[in-house]
Amino acid sequence: MRTILVTGGAGFIGSNFIHHLLQKYDYRVVNLDKLTYAGNLDNLRDIQDDPRYRFVHGNICDSQLVGRVMAEVDAVVHFAAESHVDRSIVDPGAFIQTDVYGTFVLLEAARQRGVERFLHVSTDEVYGQSLPGQRFTEDDPFRPRSPYAASKAGGELQCRAFIETYGLPIVIARPANNIGPRQYPEKAVPLFITNALDDQPLPVYGQGLQVRDRLYVEDHCEALDLLLHWGELGEAYNISADNERPNIEVAETILELLEKPKSLIRFVEDRPGHDQRYSMDSAKMRALGWSPRHDFTAAIEKTVAWYRENRWWWEKVKSGQYQEYYQRMYGRRLAEAKPYEG
Ligand code: NAD
Ligand code: TYD
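My aim in this report is to walk through the structure given alongside it, one point at a time. (Residues numbered from 1 in each chain as written. Chains lettered and ligands numbered in written order. Predicted model: local features only at pLDDT ≥ 70, side-chain atom pairs only at ≥ 80, totals over all residues. Heavy atoms only, no water.)

This part covers the sheet that holds strand β11 (residues 244–246). Think of a sheet as strands paired side by side through backbone hydrogen bonds, with each pair either parallel or antiparallel. A sheet is described by the order of its strands in space; here three strands give the open sequence β7-β9-β11, paired in mixed fashion. The sheet is open, and its two borders are formed by β7 (177–179) and β11, each paired with just one other strand. Pairwise comparison of adjacent strand axes, ignoring direction, gives a mean angle of 50° for this sheet. Across the face of the sheet, helix α7 (residues 217–230) comes into contact with β7 and β9 (211–216) while running at roughly 70° to β9. (Pairing = 2+ DSSP bridges. Helix = DSSP H or I, 4+ residues; strand = E, 2+ residues; numbered from the N terminus. Axes fitted to C-alpha atoms, helices over the stretch in contact; angles between N-to-C directions. Contact = heavy atoms within 4.5 Å.)

Structure representation (structure tokens):
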């Protein structure tokens, strides 16, 4: 039986991926996670007693711990990261530490161990924003514009160096914005849904005209599964769903699905350096036999349904330190917001 190290497996995509792996394969999974504000063991509650699953509470920057964990595994899927652009604007240091240095620590341990494969989860944001008509392919240059995107680019460049210098068997994924169950409600979609469910305002940045491609997390997990097994070593793959929508349309759709009034929308002060649009060509990923099963409507409907049915999950998450975060990020902006007149 193969043993896979999943880093950041208590977060949104990592926990969905662990579920995917355990459902489909007879692999052992070791989940190394620091349990930051975004890590949540409720995400893994249903599999915590599965004998094939082991949780290790720890930091990917801790080289001794990482060396010990690496000794038990055959392959790595690396999700652990500080992942929210708005937090990176307020506190970029944590992003450099985990997304750049932590990635280096894992790569170095993987090299010492001689793992079969290292799947690095990067992001579309390394390319920077897409200009009108522009769709990035894997050969486009990196032009990251936020501290988060720059940190992810730094981590990915470490991967590139380990491929070229040491021949480490790395495959790189560059996914679009994911949506689906268990996403921490700091990201736009779960924040909008949970606020709407509580009849609270939906803070839309600027005029809500920025565009994101919404990839359903299960489709993403299927793509990562393919890359883990069949991705060409040393190659990067864009994972996009062709579900591009402006944020205002996403907010409106959520309100329609929940039968809540559009007057809940508030236009708030924009994010500094806000990337206008992300758009990627995923022909290379699709040539491996992958295509997303969810269009925008299916993805947002399933996501809304999950939050509607799992109030226990997000009410717990939104208590405590989340409230401080929300006040700090949105208190003044919501007080000064412009109403929706659509
Ligand atoms: P998330 O914030 O939900 O989860 C991150 C997880 O990493 C948490 O469980 C956290 O506790 C853990 N973690 C953070 N720092 C750590 C450290 N130093 N050591 C060990 N564990 C640590 O993130 P997510 O949305 O699931 O994203 C997963 C990965 O996918 C990230 O690398 C992110 O950059 C990338 N990505 C995400 C999206 C998206 O839409 N969410 C899109 C493209 C790429
Ligand atoms: P987010 O979910 O933070 O993902 P990313 O910035 O990594 O793409 O934001 C998605 C889009 O939604 C982005 O254009 C910023 C916007 N947004 C809002 O309009 N309001 C919000 O409260 C948040 C968090 C994001």
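After presenting the structure, the write-up continues.
With that settled, consider the site of ligand 2. What surrounds ligand 2 is a group of 19 residues, the closest being E125, R212, R271, H274 and Y330. Interatomic distance of 2.8 Å between a backbone N/O atom of P203 and a nitrogen atom of ligand 2. The side chain of N247 places a nitrogen or oxygen atom 2.8 Å from an oxygen atom of ligand 2. Burial of ligand 2 by the surrounding chains reaches 98%, relative to a free accessible area of 510 Å². When contributions to the shell around ligand 2 are tallied by element, the ones reaching two or more residues are α3 (85–90), α6 (188–197) and β8 (202–205). (Near = heavy atom within 4 Å. Polar contact = N/O pair within 3.5 Å; in protein donor to acceptor, adjacent residues only side chain to side chain. Areas by Shrake-Rupley, 256 points an atom, 1.4 Å probe, with all protein chains shown as cover.)

Packing of α6 against helix α10 (residues 296–309) leaves a shortest axis separation of 10 Å and a crossing angle of 50°. Here α10 runs oblique to α6, going by the angle between their axes. Pair α6 / α10 crosses with right-handed handedness. For the pair formed by α6 and α10, the contact residues are V189, P190, I193, T194 and L197 on the first element and I300, T303, V304, Y307 and R308 on the second. (Parallel < 35°, antiparallel > 145°, perpendicular 65-115°, else oblique. Left-handed = near helix turned anticlockwise from the far one by under 90°.)

As a further point, take the environment of P92. Residue placement: P92 occurs in the loop between α3 and α4 (93–113). Taking relative accessible area as the criterion, P92 reaches 35% and is therefore assigned partly exposed. Distance in space between the C-alpha atoms of P92 and S151 is 8.6 Å, their sequence separation being 59 residues. (Buried < 20%, exposed > 50% of the residue type's maximum accessible area, 1.4 Å probe, protein only.)

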